[in-house]
Amino acid sequence: MTKVTFSLQGDKILSVDILGHAGYAEEGEDIVCAAISSAVMLTHALLYDVQHIPVDTLIEDEGAHIRFTLPKDTVERGQDALQALKLHFSELEQNYSDFLNVMEVHTDAEDYSFSRIKRAQVLPRTAVIPSPSDWALSAQTVRPYRQATSSFASAARRSIRA
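As the structure is a prediction and not an experimental result, all values here were calculated from the model.

Colleague: So, the packing of aromatic side chains: which residues are in play, and what are the values?
Modeller: On inspection of all chains with the given rule, the structure shows three aromatic pairs. Ring geometry for Tyr24 versus Tyr96: centroids 5.5 Å apart, planes at 90 degrees, classification edge-to-face. Linking Tyr24 in the loop between β2 (12-19) and α1 (31-50) with Tyr96 in the loop between α2 (79-95) and β5 (100-106), this pair joins segments that are 72 residues apart in sequence. For Tyr24, a relative accessible area of 37% gives the class partly exposed. Three or more aromatic residues link up through ring pairs in this structure, and these residues are Tyr24, Tyr96 and Phe99.

This is the structure we're talking about:
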């Protein structure tokens, strides 16, 4: 099951954390995982490439874990994209509740700290997409989303090709 957690402060989404494989079907055939991956990639592209928000991104291949966090000064600008992602995931959850769990965590203003999150170095996006063999990551690796991928994105690419 994929667990998606949106961290909110008031009504503002601060971060999204995606963990685990959906398990709907075999790797490369999993339409739930492909839908999740595609939505995550689109949201990140909108935030980083279109809105030029330097999203803090964590990717851990071990356990299929992706987290991105809006920097404090961009929380307002990133709301439409993250609200749309939350709506999309909530609708997917209605149809695939055995494979996707979406939840919210509300934080207090004093307790929320970006210092608890490892910051990824933001590198410029390149037009060349690396081959899957170049995407291997260790659990401790933190890289910008466009420079690396997780099992989510690998499964999405195989599903799209099929």
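Colleague: How would you summarise the packing of α1 against α2 if you had to cite specific residues and measurements?
Modeller: Axes are the key here: two packed helices are described by the angle between their axes and the distance separating the axes. For the pair α1 and α2, interaxial distance at closest approach is 10 Å and the crossing angle is 175 degrees. The angle between α1 and α2 falls in the class roughly antiparallel. The residues of α2 that touch α1, namely those facing Ala35, Ile36, Ala39, Val40, Thr43, Leu46 and Leu47, are Ala81, Leu82, Leu85, His88, Phe89 and Leu92. Taken together, the residues that form the contact of α1 with α2 break down as 11 nonpolar, two polar and no charged.

Colleague: An account of the nonpolar core is requested, with residue identities and associated values reported.
Modeller: With 27 residues, the main nonpolar core has Phe6, Phe68 and Phe89 as its most contacted residues. When contributions to this core are tallied by element, the ones reaching two or more residues are β1 (2-9), β2, α1, β4 (65-69), α2 and β5. With residues near it in sequence (within four places) discarded, Phe6 still touches Ile13, Ser15, Val16, Leu82, Leu85, Lys86, Phe89, Val102, Met103, Glu104 and Val105.

Colleague: Explain the confidence of the model for the chain to me, using residue names and the numbers behind them.
Modeller: Per-residue pLDDT for the chain has a mean of 74; in total, 65% of the residues score no lower than 70. Within the model, pLDDT remains below 50 along residues 109-152, and this stretch shows 88 contacts once partners closer than five positions in the same chain are excluded. Across residues 154-162 the pLDDT falls below 50, and counting only partners more than four positions away or on other chains, this stretch makes 15 contacts in the model.

The rules behind these values
Residues numbered from 1 in each chain as written. Predicted model: local features only at pLDDT ≥ 70, side-chain atom pairs only at ≥ 80, totals over all residues. Heavy atoms only, no water. Phe/Tyr/Trp six-rings, centres within 6.5 Å; stacked < 30°, edge-to-face > 60°. Helix = DSSP H or I, 4+ residues; strand = E, 2+ residues; numbered from the N terminus. Buried < 20%, exposed > 50% of the residue type's maximum accessible area, 1.4 Å probe, protein only. Axes fitted to C-alpha atoms, helices over the stretch in contact; angles between N-to-C directions. Parallel < 35°, antiparallel > 145°, perpendicular 65-115°, else oblique. Contact = heavy atoms within 4.5 Å. Nonpolar A, V, L, I, M, F, W, Y, C, P; charged D, E, K, R; others polar. Core = buried A, V, L, I, M, F, W, Y, C linked by side-chain atoms within 4.5 Å. pLDDT = per-residue confidence, 0-100.

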